[in-house]
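Per-entry structural report
One letter stands for each residue in the lines below.
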Protein chains: 2
Amino acid sequence: MTNKDKKQEILTMARGMVQARGYNALSFRDLAAAVGIKSASVHYYFPTKGDLAATLAHEYTDEFLAYLNGLVEEGVPWDQCIHAFAGVFRKTLLRENRMCLGGILAAERPDLDLEVQAEVERFTELLVQWLCGVLAKGKPKMKPKELRRQALAIFAAIEGAQLMARGSGDVAVFDDALEAYSDIGLLPPN
Amino acid sequence: MTNKDKKQEILTMARGMVQARGYNALSFRDLAAAVGIKSASVHYYFPTKGDLAATLAHEYTDEFLAYLNGLVEEGVPWDQCIHAFAGVFRKTLLRENRMCLGGILAAERPDLDLEVQAEVERFTELLVQWLCGVLAKGKPKMKPKELRRQALAIFAAIEGAQLMARGSGDVAVFDDALEAYSDIGLLPPN
DNA sequence: ACCTGAACACCGTTCAAGT
DNA sequence: ACCTGAACACCGTTCAAGT
């Protein structure tokens, strides 16, 4: 196994742990045990917990965005793109009641190093931009500023639905909220 | 200073700390120092961190609800009640970028004792019920099930707007999202 | 290049001991 | 009744030492 493989293995394991229990709850000793090394060795790959989290968040953003851009390139209609976006959050909940990495890190913001805070902002910014682009197809007459506000609103509403579903440990809460969003026109109809 | 005073002082201080930095980041030693005792003494009032958090969450719910019910009793119109509800979340952000206690505990759910998880669910349930009651005045023809879904959606959307505003450290994000919610009719117009 | 044990100051918790 | 210091097993981090 190469260096890169091991590093990636640590990242993958850590991502799941943070999404499941949060940044503060992530233990280097648990993480090390999960990949079969000692906690001191994790520092060989990532000098600090902040470095690990920043890398984690950066990759998460890139992969999330690659998936979303893939949908657009495949020619998926704009309204189905929005639903696919929401679907990612739903799928995350189904796996051990996990949260969006950007969401849980946002909640823990004051405990994060500046570099990690910056990655959270990058995540939000890039996904809002993607939503803007997709939304623009459905609402061609809308002004850029209003478009951006609506993209943000859709994003926030979905994050909030996920947060409340996690808090109650019940995916139905997420589904109910999203159905109401569709009824009212915040999300396109099914 | 009586026992009750000291206990309340601990609770008040702990509440602010959890809203600012989260449950996992709350340190008994920091908390003890803030109220002028040693960390071991905090355990005299609250045997475990879970006991403290559960009491915290219970009081938070009660106080939040008392404020909201006060609005209704004063005869504040239903749409202004909803805006006042949202206003609490905005005000929380303005104080050191704090979060709703129910929201941040929801994010940290897997790290919470069962009694604390139950308090988070109580918080959500009681506030949703209050929103249902207020919303019913504005939409008298709406069926109970749909009413509840919409109350949940409003709650989730506001929590999400707060989460994203916290993540970016910018209240304008909260304001933008809420403006979009109003535009689309999820929240009543201003 | 990659890993380790031991040490450091932290954490929640317990408990015997103080007043 | 209320508080304490000391101990326990944890935490992230550092570092000299191993291969």
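Let me begin by describing the structure that accompanies this report. (Residues numbered from 1 in each chain as written. Chains lettered and ligands numbered in written order. Predicted model: local features only at pLDDT ≥ 70, side-chain atom pairs only at ≥ 80, totals over all residues. Heavy atoms only, no water.)

Attention now goes to the protein's contact with DNA strand C. Around DNA strand C sit 19 residues, and of these Asn3(A), Lys38(A), Tyr45(A), Phe28(B) and Arg29(B) come closest. Counting only the atoms of DNA strand C that lie within 4 Å of the protein, the sugar and phosphate share comes to 60%. At a separation of 2.8 Å, a phosphate oxygen of DNA strand C approaches a polar backbone atom of Leu26(B). Within the side chain of Arg29(B), an N or O atom sits 2.7 Å from a base nitrogen of DNA strand C. Looking at the surface near DNA strand C, the elements that each hand over two or more residues are helix H1 (3-21) and helix H3 (39-45) of chain A together with helix H2 (28-35) and helix H3 (39-45) of chain B. Of the residues assigned to the surface near DNA strand C, the class counts are eight nonpolar, six polar and five charged. (Near = heavy atom within 4 Å. Polar contact = N/O pair within 3.5 Å; in protein donor to acceptor, adjacent residues only side chain to side chain. Helix = DSSP H or I, 4+ residues; strand = E, 2+ residues; numbered from the N terminus. Nonpolar A, V, L, I, M, F, W, Y, C, P; charged D, E, K, R; others polar.)

Let us now look at the packing of aromatic side chains. Residues and elements named next belong to chain A. Following the criterion strictly, the structure yields 22 aromatic pairs over all chains and no others. With 6.3 Å between their ring centres and 70 degrees between their planes, Phe 89 and Phe 155 make a pair best called edge-to-face. Remark: Phe 155 occurs in helix H8 (residues 144-168) and Phe 89 occurs in helix H5 (residues 78-94); sequence separation between them is 66 residues. Of the two residues, Phe 89 and Phe 155, both sit in the buried class. (Phe/Tyr/Trp six-rings, centres within 6.5 Å; stacked < 30°, edge-to-face > 60°. Buried < 20%, exposed > 50% of the residue type's maximum accessible area, 1.4 Å probe, protein only.)

Another point: the interface of chain A and chain B. With 42 residues of chain A in contact, the opposing surface of chain B contributes 42 residues. Across the chain A/chain B interface, buried area totals approximately 3,500 Å², and carbon plus sulfur atoms make up 67% of it. The largest per-residue losses of area from chain A upon contact with chain B belong to Arg149(A), Met164(A) and Ile184(A), which jointly make up 19% of the total buried on that side. If you look at where chain A meets chain B, you find six salt bridges. The shortest N-O distance in the salt bridge between Asp111(B) and Arg21(A) comes to 2.3 Å. The tally of links from chain A across to chain B stands at 15 residue pairs in polar contact (both at pLDDT 80 or more). The set of elements that each furnish at least two residues to the side of chain A that touches chain B consists of H1, helix H6 (101-107), helix H7 (114-138), H8 and helix H9 (171-184) of chain A. Looking at the side of chain A that touches chain B, the element that brings in the most residues is H8(A), giving 15 residues. Class assignment for the residues of the side of chain A that touches chain B results in 22 nonpolar, 10 polar and 10 charged. (Contact = heavy atoms within 4.5 Å. Buried area = accessible area lost by both parts, 1.4 Å probe. Salt bridge = Lys/Arg side-chain N within 4 Å of Asp/Glu carboxyl O.)

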